[in-house]
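Given next are the chains, with one letter for each unit.
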Amino acid sequence: MTGPPDMSASPARIVADSGASPKGLRTTDPPLLQIVKVLLILGALIIFLAPTSAIATLGEPVQSIAADQQALGGQLRMLNQPQPSTGEQALHAQPSAPSNPAYTVEQISTPAGMAVNEYVSPNGTVFAVSWRGPRLPDLSQLLGSYFAEYQTAAGGQPAQRQRLLLQTEHLVVETSGHMRDLRGRAYIPALLPPDVNADEIQ
Amino acid sequence: MRWWWLVGLFSLAGFLGACGNNSSSPSTPSASPTAAANVEPISVNLGPEGNYPNGLYTSVTVCIPGTSNCQTIKDILVDTGSYGLRILASALTLSLPAQTDASGNTIGECAPFVAAFTWGPLATADVHISGETASSVPLQVIAPANFPAPPADCTQSGLPAADTVSSLGADGILGIGPFIQDCGTACATSGASNPGSYYSCPSSGCVITTESLQNQVQNPVASFPADNNGLLIKLPALGAQGTPTASGSLIFGIGTQANNGLGSAQVYTTDDLGNFTTVYNGSSYSSSFIDSGSTGIFFLNSSVTGIAQCTGGNAGYYCPSQTLNLTAQNVGQNGTSGTVAFSIANAEKLFSTANAAFNDLGGPNPGAFDWGMPFFFGRDVFVAIAGHPTPAGAGPYWAY
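Because the structure is predicted, anything quoted here is derived from the model rather than measured.

Q: Report on the overall build of chain A, specifying residues and quantitative values.
A: Looking only at helices and strands, chain A has 4 helices and 7 strands in total. When the helices and strands of chain A are listed from N to C terminus, the series reads α-α-β-β-β-β-α-α-β-β-β. At a minimum sequence separation of 6, the contacts of chain A that also span at least 24 residues come to 56%.

Here is the structure:
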């Protein structure tokens, strides 16, 4: 049986405080040097506190897709032509593309038969990812800072081979299919653009 | 909780069964004396832990190749959604020879399932099911204590390992879907196109390797000397409230014996992933399939079907206020189409009974139809294996 949608801890999303004040610093340095120091410290803090932000995708800016492409070793292309979700079998590992202009979809396809779709809202945020292939993709890469929340919930229910339906505090993750043809999707309901139905994420 | 008494009952049965499990004699067939040599009994029950609805189980006898040193293992899940035999190390007392590569390193596998993975080494066994024998078949031993931990490539999906009776819901899985190998040519190819299921495991750690087709974990039915082109699953029709158990037959071969002819069954060929199309309410879902390893008919979701989902621990099932009688149309790659009538009852009400077998259990599965166990009751379902000729042409196909 599929387990309960366990509510898990909040994901570790850390926003750097851009309003940090330099008042606490020693004031013996020239003003310009002080500013440089502050910037350096802030930069270091951001890197230290948010180690996944450089590669994370779900919930991250569209630019993070390039990191996913590199990590997955795939080809990237924009799906700008609506495709039917049924009928002729296109590429095996190709989830159907959306027809809703309220977002764009970028697809990473790998030589190993994996296709990953990343759904980007008009404001440039990746609000959903979907995948299809002979295995699951590296979800620690694709879910980024949400991976821990997902993994906690996935591990909190009896392991099932038939499918996963998880709804955590911030995230929905679903897997389906069967051996040789594994599919799934993950999205952040709060980031869905207006008028976008989650059923469009395929 | 609702099945606590059954848990005790099944535990006891499991214990008694375990006492009789190890047989050092060539244990052929657990089929009844009157059964044909190609018939293996199957049973729908709540599984070894008494909590698995619509679990389809059988027994399998594995032997050290070429010997009469064998062990019969019960509570093996019959799964048309996967390929190959996998047995929990904890259920195996027989020391099967490990499969090794040219360097003598044990081959390991991270087998991808939809919501879990199985990790462990490959071994070779003669596999007896009914009177049929598959000689020297590669299988997976799940999670033995003395094997390296799963590598990062295996765990990065974030899914849990199915490595215990509790997490597997069985002592093993008999994957008898319409293909032979669990991976296929992709895993036999080196380079970037290898999806990475198989590993070579020297003491320094497991690394992804290529694995030839004949060495991959595979559907033992395809290795039988006869009756190897597919199989037939026969289960009785059920009433709306289900039954405590249901018994049926796993019959090997299609059109090879008097008991496995296609008769009036319609053939639905699949694509090369094992899928066909299901049409529901005017929409087509081209990634649909039949899976005895699924406890329900899992299809679409509440926003598409309008069927309420259960809450709490049963949220993976539908809970309509009244039982719904529905229809869908399956369409094979060969153009065969036919209507399937099915019912979806309130899963919580079904689970409040002590029954194990239900023909009206269902739940969400966005974007496709997964015709699970309810589909099989009262219907003879044939599975034809890819590339093997049958009277209706070669597999892969389903017929019913």
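Q: Would you mind going over the overall build of chain B in detail, with residue names and values included?
A: For chain B, the count of helices and strands is 5 helices and 23 strands. On C-alpha atoms alone, chain B measures out to a radius of gyration of 20 Å, which is about the 21 Å that the 2.2 N^0.38 rule sets for 400 residues. By its C-alpha atoms, chain B is 60 × 45 × 45 Å across when sized along the principal axes. The 400 residues of chain B split such that 56% are buried. At a minimum sequence separation of 6, the contacts of chain B that also span at least 24 residues come to 70%.

Q: How would you explain helix α2 (residues 64-72) of chain A if you had to name every residue and give the values?
A: Residues and elements named next belong to chain A. Taken together, the buried positions of α2 are occupied by S64, I65, D68, Q69 and L72. In an axial view of α2, the angular spread of the buried residues amounts to 150°, which keeps them on one side of the axis. Where α2 is buried, its residues contact β1 (75-79), β2 (104-109), β3 (115-120), β4 (126-133) and α3 (139-142). Looking at the residues trailing α2, positive phi occurs at G73, about 65°.

Q: So what's going on with the sheet that holds strand β19 (residues 337-344) of chain B? Residues and values would help.
A: Spatially, β19-β18-β15-β16-β21-β17-β20 (chain B) is the arrangement adopted by the 7 strands of the open sheet, whose pairing is mixed. Looking along the sheet, the strands with just one partner apiece sit at the ends: β19 and β20 (362-363) of chain B.

Q: Can you explain the interface of chain B and chain A? Please cite residues and give values.
A: Listed per partner, the contact involves 55 residues of chain B and 44 residues of chain A. Going through the elements one at a time, β16 (283-290), α4 (302-305) and β21 (365-371) of chain B are the ones with two or more residues in the side of chain B that touches chain A.

Q: How would you summarise the pairing of strand β15 (residues 276-280) of chain B if you had to cite specific residues and measurements?
A: All names here are of chain B. In the sheet, β15 pairs with β16 via 4 bridges, with the strands oriented antiparallel. Following the sheet pairing, T278 is matched in β16 by Y285. Linking two consecutive strands that pair antiparallel, namely β15 and β16, is a turn of 2 residues; a positive phi of about 50° is found at N281 within it. Sheet topology places β15 next to strand β18 (residues 324-331); 3 bridges connect them, and they run antiparallel. Paired with V279 across the bridge in β18 is Q329.

Q: Provide a residue-level description of unusual backbone geometry, including the pertinent values.
A: All names here are of chain B. Cis geometry is adopted by the peptide bond preceding P396, which originates at G395 and carries an omega value of 10°. Positionally, P396 belongs in the loop between β22 (381-384) and β23 (397-399). At S130, a residue that is not glycine, the phi angle is positive and equals roughly 55°. Within the secondary structure, S130 sits in the loop between β7 (117-129) and β8 (132-142).

Q: Could you give an account of the sheet that holds β1(A), with specific residues and numbers?
A: Residues and elements named next belong to chain A. Spatially, β1-β2-β3-β4-β7-β6-β5 is the arrangement adopted by the 7 strands of the open sheet, whose pairing is antiparallel. Whereas interior strands pair on both sides, the edge strands pair on one side only; in this sheet they are β1 and β5 (164-167). Across the sheet, the mean angle separating the axes of adjacent strands is 15° when strand polarity is ignored. Pairing geometry for β4 and strand β7 (residues 181-187), over 6 bridges, is antiparallel. For A128, the partnering residue across the bridge sits in β7 and is Y187.

Q: Would you mind going over the pairing of β18(B) in detail, with residue names and values included?
A: Residue and element names in this part refer to chain B. Bridging between β18 and β19 involves 8 bridges; their strand directions are antiparallel. By the bridge assignment, N325 is partnered in β19 with S343. Counted between consecutive antiparallel strands, the loop separating β18 from β19 contains 5 residues, among which G335 sits at a positive phi close to 90°.

Q: How would you explain the nonpolar core if you had to name every residue and give the values?
A: Among the nonpolar cores identified, the biggest contains 150 residues, and Y150(A), V62(B), I87(B), F117(B) and L231(B) are the most heavily contacted of them. Top contributing element to this core by residue count: β7(B), with 7 residues. Apart from residues no more than four positions distant in its own chain, I87(B) is found in contact with I73(B), L92(B), L139(B), V141(B), I142(B), D171(B) and G172(B).

Q: Residue-level account of the domain arrangement of chain B, with values.
A: Residues and elements named next belong to chain B. As far as domains go, chain B holds domain 1 (4-223) and domain 2 (254-399). The C-alpha-based centres of domain 1 and domain 2 are spaced at 25 Å. The interface of domain 1 with domain 2 comprises 24 residues on the first partner and 27 residues on the second. Of all the elements in the fold, those that place two or more residues in the side of domain 1 that touches domain 2 are β2 (39-45) and β4 (70-79).

Q: Give a description of the environment of G362(B) that names residues and reports values.
A: All names here are of chain B. Its place among the elements puts G362 in strand β20. G362 gets classed as buried once you count the C-beta atoms within 10 Å, which come to 28. Expressed as a C-alpha distance, the spacing of G362 and N346, which sit 16 residues apart in the sequence, is 8.6 Å. Not counting chain neighbours up to four residues away, the residues in contact with G362 comprise G296, I297, F298, F299, Y317, Y318 and I344.

Q: Describe helix α4 (residues 147-155) of chain A, and please don't skip the residues or the numbers.
A: Those residues of α4(A) not exposed but buried are F147(A), E149(A), Y150(A), Q151(A), A153(A) and A154(A). On its buried face, α4(A) is in contact with α3, β5 and β6 (172-178) of chain A.

Q: A description of the confidence of the model for chain B should follow, citing residues and the corresponding values.
A: Residue and element names in this part refer to chain B. Looking at chain B as a whole, the pLDDT averages 91, with 91% of positions reaching at least 70. In the model, residues 1-33 has pLDDT below 50 throughout and makes 48 contacts with residues more than four positions away in sequence or in other chains. The complex model carries a pTM of 0.83, and its ipTM stands at 0.89.

Q: Could you give an account of the environment of Q214(B), naming the residues involved and the relevant values?
A: All names here are of chain B. Structurally, the position occupied by Q214 is in the loop between β11 (207-208) and β12 (230-234). Its 12 C-beta neighbours within 10 Å are what place Q214 among the exposed residues. Spatially, the C-alpha atom of Q214 lies 43 Å from that of L350, the residues being 136 residues apart in sequence.

Q: Account for the confidence of the model for chain A, with residues named and values stated.
A: Residue and element names in this part refer to chain A. Across chain A, the average pLDDT comes to 71, with 59% of residues at or above 70. A low-confidence stretch, residues 44-56 stays under pLDDT 50, and its non-local contacts, those more than four residues away or across chains, total 17 contacts. This model gives residues 81-95 a pLDDT under 50, and the stretch forms 31 contacts once residues within four places in sequence are excluded.

Q: Could you give an account of the environment of L136(A), naming the residues involved and the relevant values?
A: Assignment of secondary structure puts L136(A) in the loop between β4 and α3. Each C-alpha atom of the pair L136(A) and D68(A) lies 14 Å from the other, and the pair is 68 residues apart in sequence. With residues near it in sequence (within four places) discarded, L136(A) still touches W131(A), L182(A), G184(A), P112(B), S157(B) and L159(B).

The rules we used
- Residues numbered from 1 in each chain as written.
- Chains lettered and ligands numbered in written order.
- Predicted model: local features only at pLDDT ≥ 70, side-chain atom pairs only at ≥ 80, totals over all residues.
- Helix = DSSP H or I, 4+ residues; strand = E, 2+ residues; numbered from the N terminus.
- Contact = placed C-beta atoms within 7 Å.
- Rg over C-alpha atoms; globule rule 2.2 N^0.38 Å.
- Buried ≥ 20, exposed ≤ 12 C-beta atoms within 10 Å, placed from the backbone.
- Arc of directions from axis to C-beta.
- Pairing = 2+ DSSP bridges.
- Axes fitted to C-alpha atoms, helices over the stretch in contact; angles between N-to-C directions.
- Core = buried A, V, L, I, M, F, W, Y, C linked by C-beta atoms within 7 Å.
- Domains from an automatic or database assignment.
- pLDDT = per-residue confidence, 0-100.

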